[in-house]
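Okay, here's what each chain looks like letter by letter:
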Amino acid sequence: MIALVGSAGVLLALVSAVALVVQGIRCYLSDGTPAASLRLPVIGLLVGAIVAMGALEIALLRNDFSLEYVARNHARATPLLFTIAGAWAALEGSIVLWGLILAGYTTWVFRRLRGRDRVGAAALAVMGTVGVFFFGLMASAANPFRTLAEVPADGLGANPLLQNHILMAIHPPVLYLGYVGMTVPFAFAIAALVSGDGTTAWLERTRRWTLIAWSFLSLGIVLGGWWSYEVLGWGGFWAWDPVENASFLPWLTATAFIHSAVVQRRRGMLQAWNVALIIGTFSLTILGTFLTRSGVVASVHSFTQSAVGPALLGFLLVVVVGGFGLFAARGHLVASSPRLDSLASREGVFLLNNLLLTLFAFVVLVGTIYPMVLEAFTGDRVSVGAPWFDRSAIPIALVLLLAMGIGPMTPYRVARPAVLWRRVRLPLQVAAATAAVVVVAGLRPITVVTTVALAAFVVSGILRHAHEVIRSRPGGYLGGLARLPGSDPGYWGGMIAHVGVALVAVAIAFSGSFGVRQEITLVVGESAPFEGYTLTYRSPFLRQEPNRTVIGASIELRRGDRLLGTLEPRLNQYPNQVQAIPTPSVRTGFGEDVYLSLVRIGQGDATVTVDAFRFPLMWLLWLGGLTVFAGGIRSYVGRRKSSNLPAFEAAGV
Amino acid sequence: MSERARNWTALGVIAASIAVIVAILAAADPSPADRVEVLASRLKCPVCQSESINDSPAQLSRDLKQMIADRVAQGWTDDQIVDLFVATYGEEVILDPPGTGRTALLWVLPTLMGVAGLAVIATRVRRGSRDLTDEERRRVADAVREAQE
């Protein structure tokens, strides 16, 4: 019954998506008044997607094991949170989530159309096309409502790694809000190429949609790192795993677009390049979906292998060939001719930023797919791992940090040395002094010192500018500070995001260079020193939970005589998996985290072996990530207050 | 403080900081990197998807790390140890592929891309800086006047 309802929802959404394509094209070809003819398909798409997702959730909540998806990915004992999250914890369900979020964005785009809008109608037709593919997938190769002839008494249960932490319920939807959100700018880019309209209005709209998607993608990536840190137990948050890279790649190109869009708005340059960046970003999200959903890279997230792989690969080809083919044929219609007056200008730094970000994306792309391509064509197997990525990425990232600091201080058009020097004078002093202080304090190696200095440069540059602006305005200082972001949300939101990136950079450098790991074996009652702390093994424990058996160790953490807390690293034994899943126990402190991961509990000899880690300043990483998100949202919310600037721009200055 | 004084203060602070950093870094003994850690990070755990021996919690990885430590203690060079792993587990065991042989493209492609990008940017710069023409100056003045009205 519920399978029927779900399938009906998928079918309704599929038919509506087809109708949206047809009506969108018709509307584009006629006068461009969208409301009447597009409303029904959009509503149908949204209702269909909601019904499909709702049916899947209800089937999970009611333990309806007649559905193959529920039988495979759910069990009666699965806790409520992971039952709900089960709807996106495996392939078919994650495609349903894709579809639902796509339908949501489509509705949002539709509701923001005003009056005659041929570009908007064409964009909705493109979104409909993407919808046809994904709902078509749900109706065929990745059907979540396939039923079983023989209904089992209980299901197999969710992937143990995915039912270990609350973040698993939050991270995928947030990431998908970013990932799927990139469909919107893509749709507008294709619409711009088709109509030959790449005007300022188009750009403003596309940039705002990209900002939304980019903000959620940033947050999703950070939450993914957090999940990895809290759950996987190897002590890290980023391993350059293909699945992680899949989310990072579109983030890099979208970041490039957000910046180069400013150049187009202010200086009328880079229009065609902007369109290419957006097509590239969307292509990378489809590539990422292919990598993570086809099983082509076997890793934690790539949980299955099916006909979905070839379908996604085919769609990727259509997007890449179609998108860039259209760009090659019609890109000149949106191209702009103005050239740089000087490389030493804000535009020049933006170009450098774009070069570095696209180069970064290219490096990550090559490293990610090289082993697969090589194996596919020659059968040779090679690995490209963290050391290769680190070595390639760190220099690029450091230059990017420098550009991030100097860019906002550089005037447009031509930066006269005297003006630039007056602005960088203070931040340079802060950076140099900070570097000296941390070196005196004993900080090494040079890459970490450089990162800290550059972060200080970035942050002090932003503070200097804020201070100058606030002082030049009437009213109190604190009030001025509070009003500052609202005075130009696009700019100051960006600066908030820059501060977040600087924090993230420092946290990555610290945890990468000063993380300490030590394997410690204790018998009950014994204590051992660890990095200035004392670990005391109290006792092992065994808990029978509905969905798993938990074996753990209670270990007291002391500093001097002071008890800081009891850490309980565990091994979770799930009925559907032979290998036990470790859950580390983390104590987050202001200066550093202590992180214990259980290796084994000795049978009979009352011993426990743990991997003890110490990571400095981990909270900075999560705080920095949230700050980036907040900055992106701040840029999006609230429009630029009226000023004289547009008049200058209109004059083409 | 006058502009002049600010300039001199800035130069002073920056120069003094750099002097301090250089003096300390030059005097400090470069601590020898922990060869065992570095090697264990460069080699893939043979039974894992992509984790290094250093990161993997698998028992085999612990044993292999111990083996690396033993070899280092016996005076083996890094290359000898890596070669031993390649001979045993195949080329796949190296996580940072060399810039030669079938992984050369991994280094060549990004370099080409970087050079091409720089070349493209160079062509986007107008030859020779120029000032505003009289016509442009008049348009600016008009725009300013309109904005103020």
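Quick caveat, the model's predicted, so the values are computed rather than measured.

The helix and strand tally for chain B stands at six helices and zero strands. Secondary structure elements in chain B, listed N-terminal to C-terminal, are α-α-α-α-α-α. At 29 Å, chain B has a C-alpha radius of gyration far larger than the 15 Å of a compact globule built from 149 residues. Out of the 149 residues in chain B, the part that is buried amounts to 20%.

A few words now on the overall build of chain A. In terms of helices and strands, chain A carries 20 helices and 10 strands. The C-alpha radius of gyration computed for chain A amounts to 27 Å, which stays within 12% of the reference 26 Å derived for 653 residues, consistent with globular compactness. Principal-axis analysis of the C-alpha atoms places the extent of chain A at approximately 85 × 70 × 55 Å. Taking all 653 residues of chain A together, the buried fraction comes to 52%. In chain A, 74% of the contacts between residues at least 6 apart in sequence involve partners at least 24 apart.

Bringing the domain arrangement of chain A into the picture now. Residues and elements named next belong to chain A. Looking at chain A, the domain boundaries give domain 1 (1–161) and domain 2 (520–618). Centre-to-centre separation of domain 1 and domain 2, based on C-alpha positions: 42 Å. With eight residues of domain 1 at the interface, the matching set in domain 2 holds eight residues. When grouped by side-chain class, the residues that make up the side of domain 1 that touches domain 2 number six nonpolar, two polar and no charged.

All names here are of chain A. Overall, antiparallel pairing links the four strands, which are arranged E1-E10-E9-E8 in an open sheet. Each edge of the sheet is formed by a strand with only one pairing partner; in this case those strands are strand E1 (516–523) and strand E8 (585–588). Averaged over all pairs of adjacent strands, the angle between strand axes in this sheet comes to 20°, irrespective of strand direction. Summarising the sheet, E8 and strand E9 (residues 592–601) pair through four bridges and their orientation is antiparallel. Along E9, the bridge assignment pairs Thr-588 with Asp-593.

The next thing to look at is the interface of chain A and chain B. Listed as interface residues are 53 residues of chain A and, on the opposing side, 46 residues of chain B. Of all the secondary structure elements, the ones that give two or more residues to the side of chain A that touches chain B are helix H13 (346–378), helix H14 (386–406), helix H15 (417–440) and helix H20 (645–650) of chain A. At 10 residues, the largest contribution of residues to the side of chain A that touches chain B is made by H13(A). Within the side of chain A that touches chain B, the residues separate by chemical class into 33 nonpolar, 12 polar and eight charged.

What follows deals with helix H4 (residues 78–89) of chain B. With 12 residues, H4(B) extends 16 Å from end C-alpha to end C-alpha; this agrees with the ideal 16 Å at 1.5 Å per step. Following H4(B) by one or two positions, Gly90(B) adopts a phi angle in the positive range, close to 90°.

With that settled, the discussion passes to the packing of helix H8 (residues 183–195) of chain A against helix H12 (residues 308–334) of chain A. Residue and element names in this part refer to chain A. Relative to each other, H8 and H12 sit at 55°, their axes nearing to 8 Å. In terms of axis orientation, H8 runs oblique to H12. With respect to the hand of their crossing, H8 and H12 are arranged in left-handed fashion. In contact with Ile-190, Ala-192 and Leu-193 of H8, H12 contributes Gly-323, Leu-326, Phe-327, Arg-330, Gly-331 and Val-334.

So, about the environment of Pro97(B). Along the polypeptide, Pro97(B) turns up in the loop between H4 and helix H5 (105–124). A tally of 24 C-beta atoms within 10 Å means that Pro97(B) is categorised as buried. Other than its neighbours up to four places away in sequence, Pro97(B) contacts Val382(A), Val384(A), Trp388(A), Thr103(B) and Leu106(B).

Once that is clear, we can look at the environment of Trp76(B). All names here are of chain B. Assignment of secondary structure puts Trp-76 in the loop between helix H3 (59–73) and H4. Trp-76 sits 38 residues away from Val-38 along the chain, and the two C-alpha atoms are 14 Å apart. Other than its neighbours up to four places away in sequence, Trp-76 contacts Arg-71 and Ile-81.

Our focus in this paragraph is unusual backbone geometry. All names here are of chain A. Between Arg-444 and Pro-445 the backbone carries a cis peptide bond, its omega angle lying at -10°. Note on placement: Pro-445 falls in the loop between H15 and helix H16 (446–472). Even without glycine at this site, Leu-270 takes up a positive phi of about 70°. Residue position: Leu-270 is located in the loop between helix H10 (242–267) and helix H11 (271–293).

Residue and element names in this part refer to chain B. Taking 1.5 Å of rise per residue, the 15 residues of H3 would be expected to cover 21 Å, and the 21 Å separating its terminal C-alpha atoms lies within 8% of that figure. Taken residue by residue, H3 has Ser-61, Leu-64, Lys-65 and Ile-68 as its buried positions. Down the axis, H3 shows its buried residues gathered within 105° of arc, on one side only. Away from the buried face of H3 by more than 90 degrees, exposed residues Gln-59, Asp-63, Gln-66, Asp-70 and Ala-73 are located.

For the rest of this paragraph, the subject is the packing of H10(A) against H13(A). All names here are of chain A. For the pair H10 and H13, the least separation of the axes is 9 Å and the interaxial angle reads 160°. Put simply, H10 runs roughly antiparallel to H13. Both H10 and H13 take part in a crossing whose hand is left-handed. The residue makeup of the contact of H10 with H13, split by class, is 13 nonpolar, nine polar and two charged.

Below, the discussion takes up the nonpolar core. With 202 residues, the main nonpolar core has Ala52(A), Ala123(A), Phe188(A) and Ala455(A) as its most contacted residues. Domain assignment of the residues forming this core places at least three in each of domain 1 (1–161) and domain 2 (520–618) of chain A. Once residues within four sequence positions are removed from consideration, Phe188(A) is found in contact with Val119(A), Ala123(A), Trp202(A), Arg205(A), Thr206(A) and Trp209(A). Within the second largest apolar cluster, 21 residues are counted, among which are Ala239(A), Val382(A), Val384(A) and Leu39(B).

Attention now goes to the confidence of the model for chain A. All names here are of chain A. For chain A, per-residue confidence averages 89 on the pLDDT scale, and 96% of positions sit at 70 or higher. Segment residues 299–304 is flagged for pLDDT under 50; beyond a separation of four residues in sequence, or across chains, it makes 18 contacts in the model. Here residues 640–653 scores under 50 on pLDDT; set against residues more than four positions off or in separate chains, the count is 18 contacts.

Attention shifts here to the confidence of the model for chain B. For chain B, mean pLDDT is 85; residues scoring 70 or higher make up 91% of the total. When pLDDT is averaged over each helix and strand of chain B, the minimum, 79, is found for helix H6 (residues 134–148) of chain B and the maximum, 92, for H4(B).

With that settled, consider the environment of Arg413(A). Residue and element names in this part refer to chain A. One can find Arg-413 in the loop between H14 and H15. Measuring from C-alpha to C-alpha, the distance between Arg-413 and Leu-340 comes to 7.3 Å, with 73 residues separating the pair along the chain. If near-sequence neighbours (up to four positions away) are discounted, Arg-413 is found in contact with Asp-341 and Ser-345.

Conventions used here
- Counting restarts for each chain: residues are numbered from 1 in the order of the written sequence.
- Labels follow written order: the first chain is A, the first ligand is 1, and so on.
- Predicted model: local features are reported for residues with pLDDT of at least 70 only, side-chain atom pairs are reported and counted for 80 or more only, and whole-chain, interface and lining totals are derived from all residues.
- Runs of E in the DSSP output that reach at least two residues are strands. Runs of H or I that reach at least four are helices, and both are numbered from the N terminus.
- Put simply, the radius of gyration uses C-alpha atoms, and a globule should come to 2.2 Å times the residue count raised to 0.38.
- Exposed residues have 12 or fewer other C-beta atoms within 10 Å of their own C-beta, buried residues have 20 or more, and residues in between are partly exposed; the C-beta atoms are placed from the backbone.
- Our contact criterion uses C-beta atoms placed from the backbone: two residues qualify when those atoms are within 7 Å.
- For the domains described, the bounds stem from an automatic or database domain assignment.
- The residue classification treats Ala, Val, Leu, Ile, Met, Phe, Trp, Tyr, Cys and Pro as nonpolar and Asp, Glu, Lys and Arg as charged. All others, Gly included, are polar.
- Here, strands pair whenever DSSP counts at least two bridges between them.
- In this analysis an axis means a line fitted to C-alpha atoms, helices contributing only their contacting stretch, and an angle means the value between N-to-C directions, from 0 to 180 degrees.
- How far a helix is expected to stretch is found by multiplying one less than its residue total by 1.5 Å.
- Roughly parallel refers to an angle under 35 degrees, roughly antiparallel to one over 145, roughly perpendicular to one between 65 and 115, and oblique to any angle outside these ranges.
- We call a crossing left-handed when the near helix sits turned anticlockwise from the far one by less than a right angle, and right-handed when that turn is clockwise.
- Arc definition: it is the arc formed by the directions from the helix axis to the C-beta atoms.
- By convention the nonpolar core is taken to be a set of buried residues drawn from Ala, Val, Leu, Ile, Met, Phe, Trp, Tyr and Cys and joined through C-beta atoms within 7 Å.
- The predictor reports its confidence for every residue as pLDDT, a score running from 0 up to 100.

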